Amino acid sequence: MGIRTDLAMEAKALWEKSAGKTTKLAGVRARERERDGFAVTDVHILDRRGEAALGKPAGRYVTLELPPLARDVRPAAQALAAELRRLLRLQPGQGVLVAGLGNEAVTPDALGPLCLRGLFLTRHLIRHLPEQFGGVRPVSAVAPGVLATTGMESLELVRGAVRHVRPACVLAVDALAAAAPERLCRMFQLSDAGIVPGSGVGNARAALQKRTLGVPVFCLGVPTVLDAGTLGGPRGMIVTPRDIDAQVRFLGRVAADAVNLALHPEISYDDFAQFIPNR
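Worth saying up front: this structure is predicted, and the values here are computed from it rather than measured.

Further remarks concern the nonpolar core. Counting residues in each nonpolar core, the largest one holds 54 residues, and the members touching the most others are Leu66, Val98, Phe188 and Leu220. Per-element accounting of this core gives the leading share, 12 residues, to helix α10 (residues 244–263). In this structure Val98 touches Leu116, Leu119, Val139, Ser140, Ala141, Val142, Leu171, Val173, Val259 and Leu263, once residues within four positions along its chain are discounted. Judged by nonpolar contacts, the second largest core, of 34 residues, contains Ala8, Ala53, Met187 and Leu226.

This part covers α10. When the terminal C-alpha atoms of α10 are compared, their 28 Å separation across 20 residues agrees well with the 28 Å that a helix rising 1.5 Å per residue should span. Along α10, 16 of the 20 residues are buried, which leaves the element largely enclosed by surrounding structure.

This brings us to the environment of Val215. Locating Val215 in the fold gives a position in the loop between α9 (210–213) and β8 (217–227). Of the residues examined, Val215 reaches a relative accessible area of 12% and is grouped as buried. Taking the C-alpha atoms as reference, Val215 lies 9.8 Å from Arg159; in sequence the two are 56 residues apart.

So, on to the packing of aromatic side chains. Across all of its chains, the model carries 2 aromatic pairs by this definition. Relative to Phe272, the ring of Phe120 has its centre 6.2 Å away and its plane inclined at 70°; by these criteria the two rings are edge-to-face. Taken together, the positions of Phe120 in the loop between α4 (111–117) and α5 (123–128) and Phe272 in helix α11 (residues 272–275) put the pair 152 residues apart, joining distant regions of the chain. Under the relative-accessibility criterion, Phe272 is labelled buried at 2%. By the ring-pair criterion, three or more aromatic residues cluster together here, those being Phe120, Phe133 and Phe272. A cation over an aromatic ring shows up here: Arg71 above the ring of Phe250, its NZ or CZ 5.2 Å from the ring centre.

As a further point, take the pairing of strand β6 (residues 169–178). Counting buried residues along β6, 10 of its 10 residues qualify, which places the element largely inside the surrounding structure. The sheet contact formed by strand β4 (residues 96–101) and β6 spans 5 bridges and is parallel. Opposite Ala99, over in β6, you have Ala172 as the bridge partner.

Turning to the pairing of strand β2 (residues 38–45), a few remarks are in order. Within a regular strand, the side chains alternate between the two sheet faces. The buried fraction of β2 amounts to 7 of the 8 residues, a majority that puts the element mostly inside the structure. Two elements, strand β1 (residues 28–35) and β2, share 8 bridges in a ladder whose sense is antiparallel. By the bridge assignment, Arg33 is partnered in β2 with Val40. Here β1 folds back onto β2, and the loop between the two strands holds 2 residues, one of which, Asp36, carries a positive phi near 55°. Both β2 and strand β3 (residues 59–65) contribute to a ladder of 7 bridges, which runs antiparallel. The residue bridging His44 from the neighbouring strand is Arg60, located in β3.

Here the focus is unusual backbone geometry. Even without being glycine, Asp36 reaches a positive phi, approximately 55°. Within the fold, Asp36 resides in the loop between β1 and β2. Despite not being glycine, Arg89 has its phi angle at roughly 55°, a positive value. Residue placement: Arg89 occurs in the loop between α3 (73–88) and β4.

In total, this model carries 0 disulfides according to the counting rule given. Cysteine Cys185 shares no disulfide, and the gap to the nearest cysteine sulfur, in Cys115, comes to 15 Å. Its relative accessible area of 5% is what places Cys185 among the buried residues. With no disulfide of its own, Cys219 lies closest to Cys115 among cysteine sulfurs, the gap being 11 Å.

Calculation criteria
Residues numbered from 1 in each chain as written. Predicted model: local features only at pLDDT ≥ 70, side-chain atom pairs only at ≥ 80, totals over all residues. Heavy atoms only, no water. Core = buried A, V, L, I, M, F, W, Y, C linked by side-chain atoms within 4.5 Å. Buried < 20%, exposed > 50% of the residue type's maximum accessible area, 1.4 Å probe, protein only. Helix = DSSP H or I, 4+ residues; strand = E, 2+ residues; numbered from the N terminus. Contact = heavy atoms within 4.5 Å. Expected span 1.5 Å × (residues − 1). Phe/Tyr/Trp six-rings, centres within 6.5 Å; stacked < 30°, edge-to-face > 60°. Lys NZ or Arg CZ within 6 Å of the ring centre and 35° of its normal. Pairing = 2+ DSSP bridges. Disulfide = S-S within 2.5 Å.

Everything listed here is a matter of coordinates, which is why it stays silent on function.
Take a look at the structure:
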């Protein structure tokens with residue numbers, strides 16, 4: 001397609017636009033629906049034909065769209081949590097390792113680390129206070145940073161954490177790239193196909209997938225950048241909204257609250273405040 005995007009629904013739309021209405025997209029199943037007033041698009045890449053057409057690994061991709069100028073965290077987080085629970089299908093007691101990917105010093109890439117700040121992490125509480133927290137899901141987190149600041153691939157650090165913690169799955173949170181400016185900071189994409197950190201800005205690193213980590217890898221991402229080439233500018237120049245600081249703070253809060261609700265369904269939204277004072 002020649003246009004960089006991490007969004008499966010956007011890749012599908014671009015393929016259909018280039019192929020024409022008479023050509024059928026083989027190996028892909030898609031549908032549009034609604035969740036609590038939010039538009040949701042499901043794209044299921046079924047086989048190698050779908051992978052070749054959309055340039056993404058086989059798996060399920062769920063996109064939840066925020067309305068313009070959305071600033072109310074709670075309804076967005078609750079809708080996103082419902083979709084995340086539906087994708088994860090965790091059994092009670094199964095542990096989860098959340099990997100906050102990206103560089104906190106670069107605002108458009110800070111979604112993952114910011115999300116971790118608002119998580120209710122329980123693995124240590126279960127071990128040391130079993131009477132009070134023995135019934136909650138063990139959740140731990142790791143912020144692997146980026147190769148330039150650690151000298152290690154994100155995969156290496158996350159794999160080390162997986163071997164130590166032994167979670168049932170990994171949930172990676174990361175910033176993504178879109179092809180259309182109207183989709184920036186407006187879409188949450190969930191996927192069970194893993195993730196390649198840095199691919200959105202053309203700096204792809206080693207993939208975080210089941211074959212590389214040994215456990216299922218899910219992804220929660222938001223497009224915060226696009227390539228200027230899609231707007232007629234020079235390719236390789238990255239464009240982001242001018243209010244990206246406020247946008248990423250809001251999106252990180254939505255992501256954190258959604259993860260908390262999805263992983264700890266026995267705890268109400270309001271009760272999380274006592275466990276995470278700065279959420």
